[in-house]
Amino acid sequence: MRLANKGLIDRTEPVTFTFDGNRFSGFKGDTIASALMANDVRLVGRSFKYHRPRGILTAGHEEPNAMVEVVDNGSQSPNTRATVQEIYDGLSAKSQNRWPSLRFDLMSVNDLAAPFLGAGFYYKTFMWPRAFWEALYEPLIRRAAGLGTLLPQHEPATYEKAFAFCDLLVVGSGPAGLMAALTAARTGADVILADADSRMGGRLLSDDAQINNAPAALWVDAALAELKSLNVRLMPRTTIVGAYDQGTYGGLERVGLHLPNILHLPRECFWRIVAPHAIMATGALERPIAFANNDRPGIMLASAAQTYLNRFGVAPGQSVTLYATNDHARHVARQLIAAGVKVAAILDSRSNASVVEDCPVYLNAAITDTKGRRSLTRITGHHAGGAFQIDTDTLLMSGGWNPLLNLASHQNAKPTWRDDIAAFVPKHGMVPGLHAAGAANGSFSTHAALQEGRDTALAALGKTTSPDLPLAEDAPYGITPLWAVDGKGRAWLDFANDVTVKDVKLAAQEGFTSVEHMKRYTTQGMAPDQGKNSNVSALAILADATGQTIAQTGTTTFRPPFTPVSIGALGAGGQGAGFAPQRYLTSDQASRDRGAPMVEAGLWYRPSYFPKPGEVTWRQSCDREVLMVRSSVGLADVSTLGKIDIQGRDAARFLDFVYANTFSTLPIGKVRYGLMLREDGFVMDDGTTARLGENHYLMTTTTAAAGQVMRHLDFIHQAYCPDHHVRFISVTEAWAQFAVAGPLSRMLLNSLLDTRLTDFPFMSCGEVQVEGVTARLFRISFSGEEGYEIAVPTAYGEALFRDLLAKAETLGGGAYGMEALNVLRIEKGFITHAEIHGRITAFDIGMAKMVAAKKDCIGKASATRPGLNGPEREQLIGLRPLDPNAAIGAGAHLFIPGDEVERVNDQGYVTSECWSPTLHTGLALAFLKDGRARHGQHIRVVDHMRKTDSLCEVTDPVFLDPEGAKLRA
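So, here's what we can say about the structure. (Residues numbered from 1 in each chain as written. Predicted model: local features only at pLDDT ≥ 70, side-chain atom pairs only at ≥ 80, totals over all residues. Heavy atoms only, no water.)

### Overview of the sheet that holds strand 9 (residues 168-171)
Move 1: If you trace the five strands from one edge of the open sheet to the other, you get 13-10-9-17-30, paired in parallel fashion. What marks the edges here is a single partner per strand, and that holds for strand 13 (233-235) and strand 30 (434-436). Taken over all neighbouring pairs, the strand axes of this sheet differ in orientation by 15° on average, direction set aside.
Move 2: Running over the sheet, helix 5 (residues 175-186) touches strand 9, strand 10 (191-194) and strand 17 (277-280) and is turned about 165° from strand 10.
Move 3: Against the sheet, helix 9 (residues 446-461) touches strand 9, strand 17 and strand 30, its axis set at about 160° to strand 30. (Pairing = 2+ DSSP bridges. Helix = DSSP H or I, 4+ residues; strand = E, 2+ residues; numbered from the N terminus. Axes fitted to C-alpha atoms, helices over the stretch in contact; angles between N-to-C directions. Contact = heavy atoms within 4.5 Å.)

### Focus on a nonpolar patch on the surface
Move 1: The grouping of Trp 99, Leu 106 and Met 107 at the surface amounts to a nonpolar patch, some 350 Å² of accessible area in total.
Move 2: The topology assignment puts Trp 99 in the loop between strand 7 (92-95) and helix 2 (109-112). (Patch = residues over 30% accessible without salt bridge, like charges linked within 9 Å, V, L, I, M, F, W, Y side chains within 5 Å. Areas by Shrake-Rupley, 256 points an atom, 1.4 Å probe, with all protein chains shown as cover. Salt bridge = Lys/Arg side-chain N within 4 Å of Asp/Glu carboxyl O.)

### Overview of the packing of aromatic side chains
Move 1: Evaluation of the coordinates by the stated rule reveals 17 aromatic pairs.
Move 2: With 5.9 Å between their ring centres and 35° between their planes, Tyr 308 and Phe 312 make a pair best called tilted.
Move 3: For Tyr 308, a relative accessible area of 1% corresponds to the buried category.
Move 4: Ring geometry for Phe 512 versus Tyr 521: centroids 4.0 Å apart, planes at 15°, classification stacked.
Move 5: Site record: aromatic cluster; members linked through ring pairs are Trp 417, Phe 424 and Trp 483.
Move 6: Here the basic side chain of Arg 54 rests over the ring of Trp 492, its NZ or CZ set 5.4 Å away from the ring centre.
Move 7: Sitting over the ring of Tyr 50, Arg 490 keeps its end group 5.3 Å from the ring centre. (Phe/Tyr/Trp six-rings, centres within 6.5 Å; stacked < 30°, edge-to-face > 60°. Buried < 20%, exposed > 50% of the residue type's maximum accessible area, 1.4 Å probe, protein only. Lys NZ or Arg CZ within 6 Å of the ring centre and 35° of its normal.)

### Some points on the sheet that holds strand 38 (residues 671-677)
Move 1: As summarised here, the arrangement of the five strands in space is 38-39-40-37-41, forming an open sheet in which the pairing is antiparallel. Of all the strands in the sheet, just strand 38 and strand 41 (727-730) have a single pairing partner and so form its edges. For this sheet, the mean inter-axis angle between neighbouring strands, taken without regard to orientation, is 25°.
Move 2: Here six bridges tie strand 37 (residues 642-647) to strand 40 (residues 696-701), and the two strands are oriented antiparallel to one another. Counted as the bridge partner of Gly 642 is Thr 701 from strand 40.

### Things to note about unusual backbone geometry
Trans peptide bonds make up the majority, and among non-glycine residues the majority have a negative phi.
Move 1: Each neighbour pair has its own omega, and for Trp 99 with Pro 100 the value is 5°, a cis peptide bond.
Move 2: In this structure, Pro 100 sits in the loop between strand 7 and helix 2.
Move 3: In this chain, Pro 560 is followed by Pro 561 through a cis amide linkage whose omega measures 5°.
Move 4: As for its position among the elements, Pro 561 is in the loop between helix 13 (550-553) and helix 14 (567-570).

### Some words on the side chain of Thr 239
Move 1: Locating Thr 239 in the fold gives a position in strand 14 (residues 238-244).
Move 2: Residue class for Thr 239 comes out buried when judged on its relative accessible area of 6%.
Move 3: What Thr 239 contacts, discounting residues up to four positions off in sequence, is His 61, Ala 196, Gly 250, Gly 251, Leu 252, Arg 254, Phe 562 and Thr 563.

### Section: the pairing of strand 20 (residues 319-324)
Move 1: The element strand 20 is extensively covered by neighbouring structure, given that six of its six residues are classed as buried.
Move 2: Side chains Ser 319, Thr 321 and Tyr 323 of strand 20 all project onto a buried face; the interleaved residues Val 320, Leu 322 and Ala 324 project onto the opposite face, where all are buried too.
Move 3: Bridge count for strand 20 against strand 21 (residues 342-348) is six bridges, and the pairing is parallel. Paired with Thr 321 across the bridge in strand 21 is Ala 345.
Move 4: For the crossover that starts at strand 20, traverses helix 8 (residues 328-338) and ends in the parallel strand 21, the hand is right-handed.
Move 5: Pairing analysis gives five bridges linking strand 20 to strand 26 (residues 394-398), with the strands arranged parallel. Across the sheet, the residue bridging to Val 320 is Thr 394, located in strand 26. (Right-handed = clockwise from strand over helix to strand, strands pointing away.)

### A look at the environment of Phe 760
Move 1: Of note, Phe 760 is situated in the loop between helix 19 (745-750) and strand 43 (765-770).
Move 2: For the pair Phe 760 and Arg 746, spaced 14 residues apart in sequence, the C-alpha separation works out to 9.8 Å.
Move 3: If sequence neighbours within four positions are ignored, Phe 760 has contacts with Arg 746, Cys 765, Gly 766, Leu 777, Phe 778, Arg 779 and Tyr 788.

### Re the pattern of salt bridges
Move 1: Tallied over the entire structure, the rule returns 41 salt bridges.
Move 2: We note a salt bridge from Arg 54 to Asp 498, for which the minimum N-O separation is 2.8 Å. Taken together, the positions of Arg 54 in strand 4 (residues 53-54) and Asp 498 in the loop between strand 31 (492-494) and strand 32 (499-500) put the pair 444 residues apart, joining distant regions of the chain. The exposure classification of Arg 54 matches that of Asp 498, with both residues buried.
Move 3: Linking Arg 378 and Asp 391 is a salt bridge whose minimum nitrogen-to-oxygen distance equals 2.9 Å. Here Asp 391 lies in strand 25 (residues 386-391) and Arg 378 lies in strand 24 (residues 378-383), a separation of 13 residues in the sequence.
Move 4: Each of Asp 327, Arg 330, Arg 334, Asp 348, Arg 350 and Glu 357 takes part in salt bridges that share partners, so that together they form one network.

### Description of helix 5
Move 1: Taking 1.5 Å per residue, twelve residues should reach 16 Å; helix 5 reaches 16 Å between its end C-alpha atoms and fits that length.
Move 2: Within helix 5, eleven of the twelve residues are buried, which leaves the element mostly enclosed by the surrounding structure.
Move 3: Of the residues making up helix 5, those classed as buried are Pro 175, Ala 176, Gly 177, Leu 178, Met 179, Ala 180, Ala 181, Leu 182, Thr 183, Ala 184 and Ala 185.
Move 4: Along its buried surface, helix 5 packs onto strand 9, strand 10, helix 6 (216-229), strand 17 and helix 9.
Move 5: In the segment just after helix 5, Gly 188 is the residue with positive phi, at about 95°. (Expected span 1.5 Å × (residues − 1).)

### Topic: the packing of helix 10 (residues 501-509) against helix 11 (residues 515-522)
Move 1: Here helix 10 crosses helix 11 at 125°, and the two axes come no closer than 10 Å. It follows from the interaxial angle that helix 10 and helix 11 lie oblique. Note on packing geometry: the crossing formed by helix 10 with helix 11 is right-handed. Counting all contacts with helix 10, which are made through Asp 503, Val 504 and Ala 507, the residues of helix 11 involved are Met 518, Tyr 521 and Thr 522.
Move 2: Broken down by class, the residue content of the contact of helix 10 with helix 11 amounts to four nonpolar, one polar and one charged. (Parallel < 35°, antiparallel > 145°, perpendicular 65-115°, else oblique. Left-handed = near helix turned anticlockwise from the far one by under 90°. Nonpolar A, V, L, I, M, F, W, Y, C, P; charged D, E, K, R; others polar.)

So, in structure tokens, the structure goes:
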């Protein structure tokens, strides 16, 4: 089907590729679709629902049928549009949604069951028997859902992300886009020109149009050369997929997908482009006409056939028939005839159109049926002169043009309906800074596109100089819309999802008259199609069924991305070890030098324990470290705690509103424990805040919630306290902080500080000197022993840790890790985010009295709601097993001894557990219904996952030193 002397492909570079295991040849510049057409391959896919045979419908990103899986170098890309994917040597593609093969798909039996699978059949069919849903229906539906498949193994390919800034972003490189970019660049503006296609020029490459009395392709080449000389960034293969706030646009660039052996290149790059002004010159999409069996292979859009003819040098068929509601089909027919392709007839639905062409023309025409399972063979219908039957292998549809306005609608503004072109067009200001030009604005002639491109660029940049326009055709656009032809067979609207005219009418009949309800009930415009081919026709049919106009019916919501974006591109750099940031302590190397295994906590890597010679299990090391802290002195790096510096004359007032308890009464040089609530009254975080000066505070947060608390403070300040004179900033990375805990902790610090500690009571803070370096010292403890935390600027962190560790070891102490830290805090009954996990109130953890009565705070009113206080709540308690060696697992559930172990009898759950070498027993913290009133009772602890079942005594959560004598020593 390849035509000589036609197309823009490079015939000097043949390319070999495979499709479904069969070897085919094409040329450089071909897509999979154009190469398959050149090899006379009609059947390329199966529809989603009925598995009907489908062929190529379009020539671009809107293709609903020809979607394939591309396998290359260990990567597999499903749902790749064959109309976009360029071929290269070694490319391997295979069809989707069929079994066992494309030609013989056993799932096509669904087509025979079509009368039972109409719109909404999911909702009507799978309601009974109720027990069948989880056991049968859902597994079967999930197995049948989806089109392509992903490889189960890790993908080796790489992706990139990039950022760009410009004065003007031009989206689309057709006549409007090229003229806009030229006009802007000539004024000295910084311009980016992006186009989804591999070759710039838009529809000028698909037509035989003339510009300045010469082939339009020559003008395109000259324009691109000038743009390069003006330093315009040209971005082919880049689809602008979304318009976001503040002039930000998302763009997906296909970097290596058109090349073999792409492991050395990223597959795709996701761009964030910021531009104060952008021009949407995205063109328009031709729409199909709905008639009986309009989905057979060999039926395509007239504009697609024009593209394959002029750009790829491929004849769409041996005998071509055109069916149209406008004059575009005539233009395509003339080009086909000039190329030597037989045109059997032009079927024009209008009654007043011209009949003067070089082929038969029939007016008032309507196609009522087609024949040919895997390829079109015949069409039947009627026209002004009577019935017709035409033997043809190709039918080209032209139902009119829809401006491609998705980008302008991405901020939820709605377009306007124009009767004269029977299409929606964008309104000015739908996206601030975004302007439409050319066919995207409903102007379909080449002259109008050039003029709007020039004028829109000048208006966007505030320029007045108006360069001359090239000479181009300015033919008027006339259309008599035809949405669907009445007939007995199924007339398809959404080819990808198998939605028919009947489905839309049924949705209206059953009360789903809103466009959004109709969309979901029928799946119209969902999944691959995303409404590009089908929405306007479906809206017109819905309008007719409901007795409304199309303008009154409106459109569904346009959402980004315009075309699918792979997760790999969105998360570029986040693969493998880059999935999340890796944060290291200043003591990291010193800890690794001592053999400490690292665990991730809040993106930080922290030592789990510090093994000594002879210790073969983590428990041995953990037990030793716990006893070391209890008997001598231990050192832990706590730099991961969030640190927020808060200053300003309203800092105390702000903290009173943020915290449940009061901080405005905190003296300078003191530290206070604080509890922070969410707006819904549940506990968000806890920590300490130190008052360093009259209007200067330092808040600490838990490691896990550091970022959340910072966002929370920022929201409170902006939403509730904009008049407060207060500023805050995270200084977590600015300070290295170390906990020194144990009976010998003061002795250790006195051996290091420039001035000995004498009177430094519990919950005090102040500046100290360490070998001439100013440090901050806080007397606080997370272990229950006499404890301090000393902070120095990060640059001195490693040196201080090594010095502290050396001195601790001379006193019989040393470093302790996360495992020992957890045991120490459980023995003392201190909570972490294992306990304040998001659905816990201050009442639950026994801190209701911390919510100050004399002031307001975030979450205070919500915390008084019914159900958030009272004996029915699960309250924090301690658990001590009757058998000291019995295992308790975090996540285990609590039951009254003798009750059946089932959900209705659940009394609570375990949040943290450990073996206590201090008390020689297992311990746990848990939440139990009315737990504070049940101290001394026995409770059954059941963990089905770990297969443990034990009996425990309910105790106070503070197991060790309940009076706090050690803390205040």
